[in-house]
Amino acid sequence: MKRAGIAGFALVLCLLMAWRPAGAQGIEDTPLPADATQAPIITPTPLPRPAPVSTVEQDGTTVELFFSTIAQGQVGLVHVIGAGLAGARARLFDDLIDFFPVEGDGFYGLLAANMEQNPRSYDLTIFAWYDDNRRVSIVLPLDIVRGDFIRQDITMAPDRAYLVDAEIERGELAKLESIFSQRTPEHLWDARGFQMPILNSTLTSPFGAFRTFNGILQTRHTGWDIRTTLGVPVMASASGVVAYAGRMDIRGNIVVVDHGYGIFTTYNHLSQIHVTRGQSIVKGQIIGVTGDTGRSSGPHFHWEVAVNGAFVDSIQFTQTWLP
Ligand SMILES: [Zn+2]
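Residues numbered from 1 in each chain as written. Predicted model: local features only at pLDDT ≥ 70, side-chain atom pairs only at ≥ 80, totals over all residues.

Re the overall build of the protein
Moving on, step 1. A tally of regular secondary structure across the protein gives three helices and 24 strands.
Moving on, step 2. Counting across all 323 residues of the protein, residues that qualify as buried make up 45%.
Moving on, step 3. Put simply, of all contacts in the protein between residues at least 6 apart along the chain, 72% involve residues at least 24 apart. (Helix = DSSP H or I, 4+ residues; strand = E, 2+ residues; numbered from the N terminus. Buried ≥ 20, exposed ≤ 12 C-beta atoms within 10 Å, placed from the backbone. Contact = placed C-beta atoms within 7 Å.)

A few points about the sheet that holds strand 22 (residues 286-289)
Moving on, step 1. In spatial order, the strands read 16-22-20; together these three strands make up an open sheet with antiparallel pairing. The open sheet has two edge strands, strand 16 (233-235) and strand 20 (272-273), and neither has a second partner.
Moving on, step 2. Bridge count between strand 20 and strand 22: two bridges; the pairing is antiparallel. The partner of Ile273 across the bridge, within strand 22, is Gly288. (Pairing = 2+ DSSP bridges.)

A look at the sheet that holds strand 10 (residues 135-145)
Moving on, step 1. Strand order in the open sheet formed by five strands is 3-10-9-5-6, and the pairing between neighbours is mixed. Looking at which strands have only one partner, the edges of the open sheet turn out to be strand 3 (70-71) and strand 6 (95-98).

Section: the pairing of strand 8 (residues 107-112)
Put simply, side chains in a regular strand alternate between the two faces of the sheet.
Moving on, step 1. Across the six residues of strand 8, six count as buried, placing the element largely inside the fold.
Moving on, step 2. Burial of the side chains of strand 8 extends over both faces: Phe107, Gly109 and Leu111 are buried on one face and Tyr108, Leu110 and Ala112 on the other.
Moving on, step 3. Where strand 4 (residues 75-81) meets strand 8, six bridges bridge the pair, whose relative direction is antiparallel. Bridge assignment links Val80 to a residue of strand 8, and that residue is Phe107.
Moving on, step 4. By the bridge criterion, two bridges tie strand 7 (residues 100-101) to strand 8 in an arrangement that is antiparallel. By the bridge assignment, Pro101 is partnered in strand 8 with Phe107.
Moving on, step 5. Counting the residues that bridge the hairpin from strand 7 to strand 8 gives five residues, and of these Gly104 lies at a positive phi of roughly 75 degrees.

Here we look at the nonpolar core
Moving on, step 1. Ranked by size, the top nonpolar core spans 66 residues in total, and within it Val80, Leu111, Val307 and Val312 carry the most contacts.
Moving on, step 2. Built from parts of two domains, this core gets at least three residues from each of domain 1 (14-45 + 149-318) and domain 2 (54-145).
Moving on, step 3. The residues contacting Val80, other than those within four sequence positions of it, are Thr61, Val63, Leu85, Ala88, Phe99, Gly106, Phe107, Ile126 and Ala128. (Core = buried A, V, L, I, M, F, W, Y, C linked by C-beta atoms within 7 Å. Domains from an automatic or database assignment.)

Points about unusual backbone geometry
Moving on, step 1. You will see that Asn133, though not glycine, has its phi angle at about 75 degrees, which is positive.
Moving on, step 2. Locating Asn133 in the fold gives a position in the loop between strand 9 (121-130) and strand 10.
Moving on, step 3. By the C-beta count within 10 Å, which is 7 here, Asn133 ends up exposed.
Moving on, step 4. In this model, Tyr261 sits at a positive phi of 50 degrees, which is unusual for a non-glycine residue.
Moving on, step 5. One can find Tyr261 in the loop between strand 18 (252-260) and strand 19 (263-270).
Moving on, step 6. Overall, the presence of 22 C-beta atoms within 10 Å leaves Tyr261 in the buried class.

A look at helix 2 (residues 166-180)
For an α-helix, the turn length of 3.6 residues means that residues three or four places apart are oriented alike.
Moving on, step 1. The first and last C-alpha atoms of helix 2 sit 21 Å apart over 15 residues, in line with the 21 Å expected at 1.5 Å per residue.
Moving on, step 2. Of the residues making up helix 2, those classed as buried are Glu169, Glu172, Leu173, Leu176 and Phe180. Projected down its long axis, helix 2 carries its buried residues within an arc of 100 degrees, all on one side. Residues Glu167, Ala174 and Ser178 are exposed on helix 2 and point more than 90 degrees away from its buried face. (Expected span 1.5 Å × (residues − 1). Arc of directions from axis to C-beta.)

Description of the environment of Pro185
Moving on, step 1. Along the chain, the position of Pro185 falls in the loop between helix 2 and strand 12 (202-203).
Moving on, step 2. Measuring from C-alpha to C-alpha, the distance between Pro185 and Gly262 comes to 8.2 Å, with 77 residues separating the pair along the chain.
Moving on, step 3. Excluding its chain neighbours within four sequence positions, the residues that come into contact with Pro185 are Asp98 and Tyr261.

A word on the pairing of strand 22
Moving on, step 1. The pairing of strand 16 with strand 22 spans three bridges and is classified as antiparallel. Residue Pro233 lies in a different strand from strand 22, and its bridge partner there is Val289.

Things to note about the confidence of the model for the protein
Moving on, step 1. Confidence in the prediction for the protein averages 88 pLDDT; 86% of positions are at 70 or higher.
Moving on, step 2. Long-range and interchain partners of residues 1-38, a stretch whose pLDDT sits below 50, account for 98 contacts in this model, where long-range means more than four residues apart. (pLDDT = per-residue confidence, 0-100.)

Re the environment of Ser280
Moving on, step 1. Note that Ser280 resides in strand 21 (residues 280-281).
Moving on, step 2. Sequence separation between Ser280 and Gly240 is 40 residues, and the spatial gap between their C-alpha atoms is 5.9 Å.

What to know about the environment of Trp224
Moving on, step 1. For Trp224, the position within the fold is in strand 15 (residues 224-227).
Moving on, step 2. Look at Trp224 and you get buried, because 26 C-beta atoms sit within 10 Å.
Moving on, step 3. Put simply, Trp224 and Asp313 are 89 residues apart on the chain and 7.5 Å apart in space, counted from C-alpha to C-alpha.
Moving on, step 4. The contact partners of Trp224, leaving out residues within four places of it in the chain, are Leu203, Pro206, Phe207, Trp303, Ser314 and Ile315.

Structural data, given as structure tokens:
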């Protein structure tokens, strides 16, 4: 199960700067700028629809693939169309992935490869069903290829060294796994895609890095780190519903947003959280401000995307066209 794979990941964490700035304490009391709390900020330029890389026709069903291979920790989009098509889903890595309808344009599904998925060829089975009860299944080869991941050695300051603990990581991943296992069958994101949570972002530590903390704990980086100062507004990448808002040991103050159909984004190490669980939010809405909470060695923002229970490269995800 891919979901079991997630628990195998070691976890996260962030941090690049080995120093802790003076004044880091007390940021929780810093108020948001008055104009930053409500108005959504939408970054421009929705991605254009790409041409499919390959097309397969069988039994009156057309399957378009928008990828040739999928790298570890990345996603791939599938499109299914056919006269009278009533629904579609896929089976991959023993997981079933429900496809979402797009008015007048059939069904789309998002496939995701875990960053630790063994790189080889797999069977991708597409199931399509029709108004007249016809059922079609199409088996295609899907090549998972090796991702390009760096190695990092990270030193945690003594006051947070207790967070360099495999047991704490396992517990936190299990909690996230439980949140990500919710599959809301609603297309909650909007057609303009997913945007960066912080404007004018500078990326620092990459997704998927093999990390060693304090020379002992081996783990993987489950998101991207963005350079930031304390107290910078953090926006929802896309519309959705808040699936979790609270405190975790490693991620600190965290918000998890459910965008529907197995797509989640997480916003970590926050100093303040401005949303509550179950709340509907819109793309660009300020959901909190940056901080230095959890297993962090300096102010920064850790941003994750999970699809079908697997952490995926959040930057690649923002560059993936989604209807
Ligand atoms: Zn990070």
